[in-house]
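The chain contents come next:
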Amino acid sequence: MSDLINAFQMAQAQFDHVAKQLNMDPQVAEILRWPSREFKFEIPVRMDDGSIRLFFGYRVQHNDVRGPAKGGIRFHPSETLDTVRALAMWMTWKCAVADIPLGGGKGGVPVDPATLSVTEKEKLCRGWVGQMWRNIGPRQDVPAPDVGTTPQMMGWMMDEYSKLVGQYTPGVITGKPVGGGGSLGRTEATGFGAIFAVREAMKHLKIDPAKSVVAIQGFGNVSQYAAIGFNKLLGGTVACVSYWDRADRAAYTVSHPKGVDPKFLQSITDQYGSIDKEQARKAGYIIEEGDAWITKEADVLLPGALEGQINAESVKRVSSRVRIVAEGANGPTTPEADEVFKRNNIFVVPDFLCNAGGVTVSYFEGVQNDMNYYWTREEVLQRLDTKMTQAFNSVLEMSEGEKVFMRDAAYMVAINRVVKAMELRGWI
Ligand code: NAD
């Protein structure tokens, strides 16, 4: 299989592979290979200088048989309909593997949000909802933040939707700011959730977490809390993190011989996950240009940036010490690199299992919005731990029972649940 396939073709290829193993009826498989619904729309925005700039918005609802579609909205310059389709499909499997009653959706706008003023960002968010409001809602499709979008943006979007429907509707969107309908624990949910899964993987592989080392790609929402969690919850060492420097248009790896202090690095990181390298250097950090993170001597690799980062080429530089690859990002490993991990018996915690913590707490946020009663941070994180542990163990059980790798096992658990719901609702 070529490395040049796009994210959606990759998502379809992964699905096809498992559908075959499950002997799935090809007619049912065909339904699940494609999104149920897709929206592409214009969002004209009056910019601060008085000009009108045209943006395009996307929303894809892949499958909603188990509950309303659920998935983030990404603002990124290289967003395409196909990346949104892939991410929507992965959301279907993610919600199913986490066993939360939601389906799969995703949205996006090809834009670099860092090039917009606050007012322009607010107009873009409100414009997105202005086009989509008839087709989203707490019982239809519930968006959330993703790369390039923030809790504040979710607050604007919720406000716009509430105005359009004429009633306060916090459950239309999750990832809202705390105090504006958000849930405590949402910010750290994806990163901590990944660490709960890593902890279970270490139990299984009999690795001592306190003696373990992780190398992390990215330093945005997911990677920051994965790093903090690896340090605080497991007592392990974070060898490095990495980030994309917008000014230099280059990626950097930031490491420290004694392990990085994620909280310090967080204090010198901007809202887009870019680290101030001068301040890091002053504090004794080593800055290397490129993707040196992948070469570090570590027990765990945690790609937490973007898709396609571990590919046929970069996988050759992975250290032989690595035993676990915990996919914090969506689709970070190409099928060719995946084959290398299988051959080398590296334990992969696949993306839609590993990063299901975010959507799980998003689900808790919706539940709290419905109840109009809010849990403490400890209650949220405890429930998250329970859900992640259950999800991990159901996949591990499938992997051992069917003698398949964890990614295939996660697909099997998820697809079985989705197909079961289709049968129960009489769709097939
Ligand atoms: P983010 O925008 O907060 O952070 C992305 C980080 O990746 C930034 O630090 C950026 O500098 C870095 N980065 C980008 N390109 C890079 C490169 N080439 N090399 C090194 N670093 C690079 O995004 P996020 O919310 O942390 O999401 C990261 C990934 O996790 C995405 O794949 C997203 O879809 C997935 N995800 C996010 C959530 C969530 O709750 N935020 C949930 C599930 C999955």
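Residues numbered from 1 in each chain as written. Predicted model: local features only at pLDDT ≥ 70, side-chain atom pairs only at ≥ 80, totals over all residues. Heavy atoms only, no water.

## Concerning the site of the ligand
Taken together, 27 residues form the shell around the ligand, and within it Arg74, Thr190, Trp244, Gly273 and Asn330 come nearest. At 3.1 Å from an oxygen atom of the ligand is found a main-chain nitrogen or oxygen belonging to Gly220. One of the side-chain nitrogen or oxygen atoms of Asn330 is found 2.8 Å away from an oxygen atom of the ligand. When the free accessible area of the ligand is taken as 840 Å², the share hidden by the protein chains comes to 89%. Of all the secondary structure elements, the ones that give two or more residues to the shell around the ligand are helix H6 (186-205), helix H7 (221-232) and strand E7 (237-245). (Near = heavy atom within 4 Å. Polar contact = N/O pair within 3.5 Å; in protein donor to acceptor, adjacent residues only side chain to side chain. Areas by Shrake-Rupley, 256 points an atom, 1.4 Å probe, with all protein chains shown as cover. Helix = DSSP H or I, 4+ residues; strand = E, 2+ residues; numbered from the N terminus.)

## Details of the packing of helix H3 (residues 81-97) against helix H14 (residues 406-424)
Two elements in contact, H3 and H14, have axes whose closest approach is 8 Å; the angle formed by their N-to-C orientations is 85°. In terms of their interaxial angle, H3 and H14 are classed as roughly perpendicular. In this structure, H3 uses Trp90, Thr92, Trp93, Ala96 and Val97 to contact H14, whose residues at the interface are Ala410, Tyr411, Val413, Ala414, Ile415, Arg417 and Val418. (Axes fitted to C-alpha atoms, helices over the stretch in contact; angles between N-to-C directions. Parallel < 35°, antiparallel > 145°, perpendicular 65-115°, else oblique. Contact = heavy atoms within 4.5 Å.)

## Digging into the sheet that holds strand E8 (residues 250-255)
Ordered by their spatial adjacency, 7 strands build an open sheet running E9-E8-E7-E6-E10-E11-E12, and the pairing between neighbours is mixed. Every other strand in the sheet has two partners, leaving strand E9 (286-289) and strand E12 (347-349) as the edge strands with one partner each. Strand-to-strand twist of the sheet, defined as the mean angle between neighbouring strand axes without regard to direction, takes the value 20°. Here E7 runs beside E8; their pairing, made up of 6 bridges, is antiparallel. Bridging across to E8, Cys240 finds its partner in Ser255. Across the face of the sheet, H6 comes into contact with strand E10 (300-303), strand E11 (324-326) and E12 while running at roughly 155° to E12. (Pairing = 2+ DSSP bridges.)

## Observations concerning the sheet that holds strand E2 (residues 52-63)
Read from one edge of the open sheet, 5 strands run E1-E2-E4-E3-E5, paired in mixed fashion. Of all strands in the sheet, those bounded by a partner on one side alone are strand E1 (37-46) and strand E5 (141-145). Neighbour-to-neighbour, the strand axes of the sheet open up by a mean angle of 20°, direction not taken into account. Looking at chain direction, strand E3 (residues 69-75) and E5 are connected through 5 bridges and run parallel. Bridge pairing in E5 places Gly72 opposite Ala144.

## Points about a nonpolar patch on the surface
A contiguous nonpolar patch, built from Ile31, Trp427 and Ile428 and spanning about 270 Å² of accessible area, is present on the exposed surface. Under the relative-accessibility criterion, Ile428 is labelled partly exposed at 38%. (Patch = residues over 30% accessible without salt bridge, like charges linked within 9 Å, V, L, I, M, F, W, Y side chains within 5 Å. Salt bridge = Lys/Arg side-chain N within 4 Å of Asp/Glu carboxyl O. Buried < 20%, exposed > 50% of the residue type's maximum accessible area, 1.4 Å probe, protein only.)

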